[in-house]
Amino acid sequence: MTRSTTIIGLIHKGSAALGGDGQVTLGEMAIKHHAKKVRKMKNYNILAGFAGSAADGMTLFEKFENRLEQYRGSLERAAVELAKEWRSDKYLRHLQAQLLVMNKEKLFLISGSGDIIEPDDGMITIGSGAGYAKAAAYALMLHSNLSAEEIVTETLKITASICIYTNDQVSVLTI
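Residues numbered from 1 in each chain as written. Predicted model: local features only at pLDDT ≥ 70, side-chain atom pairs only at ≥ 80, totals over all residues. Heavy atoms only, no water.

## Structural notes on the overall build of the chain
The helix and strand tally for the chain stands at 4 helices and 11 strands. A globule of 175 residues ought to have a C-alpha radius of gyration of about 16 Å, and the chain, at 15 Å, matches this closely. Dimensions of the chain, computed from the C-alpha atoms along their principal axes, are close to 40 × 40 × 25 Å. The buried share of the chain, reckoned over its 175 residues, is 51%. (Helix = DSSP H or I, 4+ residues; strand = E, 2+ residues; numbered from the N terminus. Rg over C-alpha atoms; globule rule 2.2 N^0.38 Å. Buried < 20%, exposed > 50% of the residue type's maximum accessible area, 1.4 Å probe, protein only.)

## A short note on the side chain of Thr153
Structurally, Thr153 is set in helix α4 (residues 148-160). A polar side-chain atom of Thr153 sits 2.9 Å from the main-chain carbonyl oxygen of Glu149. Excluding anything up to four places from it in sequence, Thr153 contacts Val170 and Val172. (Polar contact = N/O pair within 3.5 Å; in protein donor to acceptor, adjacent residues only side chain to side chain. Contact = heavy atoms within 4.5 Å.)

## Points about the pattern of salt bridges
The tally for this structure, following the rule as stated, stands at 8 salt bridges. Taking the shortest distance from any N to any O, the salt bridge between Glu81 and Lys84 comes out at 3.2 Å. On the criterion of helical spacing, the pair formed by Glu81 and Lys84 is a turn pair, its members being 3 residues apart in helix α2 (residues 75-88). Its salt-bridge partner being Asp121, residue Lys134 comes within 3.6 Å of it at the nearest N-O pair. With Lys134 in helix α3 (residues 130-143) and Asp121 in the loop between β9 (116-117) and β10 (123-127), the pair connects residues that are 13 residues apart, well separated along the chain. Shared partners join several salt bridges into a network, and the residues in it are Lys63, Arg67 and Glu85. (Salt bridge = Lys/Arg side-chain N within 4 Å of Asp/Glu carboxyl O.)

By themselves, these observations are geometric and do not establish any function.
Next comes the structure, spelled out in structure tokens:
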């Protein structure tokens, strides 16, 4: 289990939002509170976020962005090719992170074991608070009129009140 953060990606009511908390932990100690674990990929309407080791997450951001350039912004093709490379490369195989990537239509979880998962419900959560975030987001989607951005923000705040590896210093991006 990744004990480092909570990241949520959500496609809802025609918009997409991706958010993460800002806490970085080292063992049992929080050592940073305002980290940015989500970003918009330059030149594309694509969002990406990571859970896991910060250095490994940054490596994945760079690799994914290179794949986007190689495949002219095709989210699906870049995700598949990164998953293949990640699984087969001796160095990359040891990265301790997960990557969530999305645009307004699709959302994927990519892992080092070669997984590339596209959810049926338009939502993915990763990190230590993933279960809490998924439950909170479902409840907000079903029982509120909130936008995707508002659901992601409120979900992360709820998760922060439950998960010790998630804080309430959230970053949310939308497209």
